[in-house]
Amino acid sequence: MQKRDFIVRSFSLWVGLLVAASVPLAHAKPFEPTGADWEGCADFIQIARDELGAGRVIVATTLDMHELKREDAIVIVHPERTLDAEQLSSFMRHGGRVVLLDDFGTGDALLRHFGIARIPAPQRPAESLRGNPQFAIAEPASNHPVVQGVGKVVTNHPTGLRHPDLSPVLKLRALGEPEVLLGEAGAVGQGRFLAIGDASIVINSMLRYPGNKALARGMLHYATDDDTWGKRGGRVFFAVGDFEQKGTFGGESAFWDQLNDFRRTIVDALEQVRREGMPPPAAYVLAVLVGLAIVLWIGSRAGKTHRAVPPRFVRGIPLVVQGGVAGHAAVIGAPSTSRVLAMLELKSAIEEDLCGLLDLDGSPGHDALVREIESAQLLDTAQLRALKRILLRLNDVETGALARRSAGMQRIRDREVLQMAGMMRDLLVAAHARKAEGGRHDRTDSRSVPT
């Protein structure tokens, strides 16, 4: 009986432990808009509702750019996904206003779009909370409307901002090193942009300081005050942490909206891999695929027989690298060789052969050569006309080659070279035959003369 009770109690204990382990712990995320703990942003949202009215304050988990109007404003706190700087810039150019509170989030894409660089905060701030340099105390850097009535602002691990042309808003003074700007603002078309290098100044625990609360109110009024082009009275969208940005501002087509959302998803995924590395499941799958690819590659190569390669010293020597007549002919007939060289070789060959028929030591020129052939009656009238055309074409090719007229050289094709060689062969055969017949007649006549 006692043994059975012990087993039942043990089983109940294990079940209780398993149930307790399976229940997730309820931890609020940092900067949660509804978070009432020390690092939530519920107090900041409540200040906005008190200052502007609850109907004008919208906490957006998905920031749809289609829904925005020029009189609206966006307050971005510690973004965790890549921001579409082009769409936010278009929204501001048409009159919208954007307030960015970010130190180590993904807001650097929007900062880079406007040429704002992140720089380290001073290592030795002039003032800090409890002597901790990570809690440096900022102060107004100008008479900008955002910091009207703001005294000291307590920061929490801030980052500085640097841009030569924007209006300074907040600064961190330092001891023995240059001061660093914490906030900058500027006009973008008809809209405005305010960047603060610390998202923690608006969390619940930091808003208990009067300067932080005054700065929060100043930012809200800066985002909603009337402009030179008219009254605003628009809504304020709070986009905090892991919010999604989709759509395009200005009402583009649905196709371009989808294409832009797909591009944004790809960029955000690549940026997340760059910052945090590949997720474990994806890394595991990639490792398995790489391993299978290696196995398949090794398997395809391991059983493959390779063609035997003879040693270099027993390989045949290509004709194009040989000397003599064979090497010269191989070079001229190579596919990469211009056919102008072949035509020039034919010109040299026919001139040499005709001079040999006429017992001339050198070529006297084409016109003189044709007259000598005609005088020796080695070719008939039609053959002489063909010889003139051949010599004229070969002379044009040689002139073009000397003048480096590449356009003329490209017109020569293999067919023309072969036709030219065939006609030359026929004329030379006829001329040799006519000369041989004349020689036989001379020898016959000489034998018939009596002594």
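Cut-offs and rules
- Residues numbered from 1 in each chain as written.
- Predicted model: local features only at pLDDT ≥ 70, side-chain atom pairs only at ≥ 80, totals over all residues.
- Heavy atoms only, no water.
- Helix = DSSP H or I, 4+ residues; strand = E, 2+ residues; numbered from the N terminus.
- Buried < 20%, exposed > 50% of the residue type's maximum accessible area, 1.4 Å probe, protein only.
- Contact = heavy atoms within 4.5 Å.
- Areas by Shrake-Rupley, 256 points an atom, 1.4 Å probe, with all protein chains shown as cover.
- Salt bridge = Lys/Arg side-chain N within 4 Å of Asp/Glu carboxyl O.
- Phe/Tyr/Trp six-rings, centres within 6.5 Å; stacked < 30°, edge-to-face > 60°.
- Core = buried A, V, L, I, M, F, W, Y, C linked by side-chain atoms within 4.5 Å.
- Axes fitted to C-alpha atoms, helices over the stretch in contact; angles between N-to-C directions.
- Parallel < 35°, antiparallel > 145°, perpendicular 65-115°, else oblique.
- Left-handed = near helix turned anticlockwise from the far one by under 90°.
- Nonpolar A, V, L, I, M, F, W, Y, C, P; charged D, E, K, R; others polar.
- Pairing = 2+ DSSP bridges.
- Patch = residues over 30% accessible without salt bridge, like charges linked within 9 Å, V, L, I, M, F, W, Y side chains within 5 Å.

Caption draft 1: Spatial organisation of the overall build of the protein. In terms of regular secondary structure, the protein is built from 13 helices and 13 strands. The buried share of the protein, taken over its 451 residues, is 38%. Sequence separation of at least 24 residues holds for 66% of the intrachain contacts in the protein that already meet a minimum separation of 6. Within the structure as shown, the protein displays about 26,700 Å² of accessible surface, and the carbon and sulfur contribution to it stands at 58%.

Caption draft 2: Quick look at the pattern of salt bridges. Applying the stated criterion to the full structure yields 17 salt bridges. For Asp72, the salt bridge is made with Arg235, and the minimal N-O distance between the two is 3.0 Å. In this pair, Asp72 is assigned in the loop between β2 (62-64) and β3 (73-77) and Arg235 in the loop between α5 (210-224) and β12 (236-240), connecting sequence segments 163 residues apart. Owing to a relative accessible area of 2%, Asp72 belongs among the buried residues under this scheme. Residue class for Arg235 comes out partly exposed when judged on its relative accessible area of 26%. Lys152 serves as the salt-bridge partner of Glu139, at 3.3 Å between the closest nitrogen and oxygen. Of this pair, Glu139 sits in strand β6 (residues 137-140) while Lys152 sits in the loop between β6 and β7 (153-154), placing them 13 residues apart in sequence. With relative accessibility at 40%, the residue Lys152 sits in the partly exposed group. Salt bridges here are not isolated pairs; linked through shared partners, they connect Glu127, Glu139, Lys152 and Arg173.

Caption draft 3: Focus on the packing of aromatic side chains. Overall, the coordinates contain three aromatic pairs when judged by the stated rule. Geometrically, the ring pair formed by Phe44 and Phe238 is edge-to-face, given 5.5 Å between the ring centres and 90° between the ring planes. Here the residue Phe44 occupies a position in helix α2 (residues 42-52), and Phe238 occupies one in strand β12, the gap between them amounting to 194 residues. Overall, Phe44 belongs to the buried group, its relative accessible area being 1%. Overall, Phe238 belongs to the buried group, its relative accessible area being 1%.

Caption draft 4: Local environment of the nonpolar core. In this structure, Phe44, Leu101, Leu194, Leu215, Met219 and Phe238 are the most contacted members of the largest nonpolar core, which totals 45 residues. Tallying contributions element by element places α5 first for this core, with seven residues. Beyond its immediate chain neighbours, meaning those up to four positions away, Leu215 contacts Val146, Val147, Val150, Val153, Leu170 and Ile201. Ranked by size, the runner-up nonpolar core spans 29 residues in total, among them Val370, Ala386, Leu394 and Val397.

Caption draft 5: View of the side chain of His78. Among the secondary structure elements, His78 is positioned in the loop between β3 and α3 (85-93). Dropping the residues within four chain positions of it, His78 is found in contact with Phe31, Leu101, Asp102, Asp103, Phe104, Gly105, Ala199 and Gly241.

Caption draft 6: Highlighting the packing of α2 against α5. The interhelical angle for the contact between α2 and α5, taken along N-to-C directions, is 55°, at an axis separation of 10 Å. Here α5 runs oblique to α2, going by the angle between their axes. In the crossing of α2 with α5, the sense of the turn from one axis to the other is right-handed. When α2 is examined against α5, the residues Phe44, Ile47, Ala48, Glu51 and Leu52 are found in contact with a partner set consisting of Lys213, Ala216, Arg217, Met219, Leu220, His221 and Thr224.

Caption draft 7: Seen up close, α2. Listed as buried for α2 are Ala42, Phe44, Ile45, Ile47, Ala48 and Leu52. Taken together, the buried residues of α2 touch β1 (57-59), β3, β4 (97-101), α5 and β12. Backbone geometry just downstream of α2 places Gly53 in the positive-phi region, at approximately 100°.

Caption draft 8: Here's a closer look at the packing of helix α9 (residues 339-357) against helix α10 (residues 366-375). Their axes nearest at 11 Å, the elements α9 and α10 cross at an angle of 40°. Our classification of the angle between α9 and α10 gives oblique. Judged by the sense of rotation from one axis to the other, the crossing of α9 with α10 is left-handed. In this structure, α9 uses Lys347, Glu351, Leu354 and Cys355 to contact α10, whose residues at the interface are His366, Leu369 and Ile373. Of the residues assigned to the contact of α9 with α10, the class counts are four nonpolar, one polar and two charged.

Caption draft 9: Quick look at the pairing of β12. Most of β12 is tucked away, with five of its five residues classed as buried. Burial along β12 is two-sided: Val236, Phe238 and Val240 facing one way and Phe237 and Ala239 facing the other are all buried. With three bridges connecting them, β1 and β12 associate as parallel partners. Bridge pairing in β12 links Val59 to Phe238. Relative to β12, β3 runs parallel, the two sharing five bridges. Counted as the bridge partner of Ile74 is Phe237 from β12.

Caption draft 10: Structural detail: a nonpolar patch on the surface. Nonpolar side chains collect at one region of the surface, where Met278, Leu286, Val290, Ile294, Trp297 and Ile298 lie side by side and expose about 570 Å² of accessible area between them. Along the chain, the position of Ile298 falls in helix α7 (residues 280-302). The class of Ile298 is partly exposed, set by a relative accessible area of 44%.

Read these as geometric descriptors, not functional statements.
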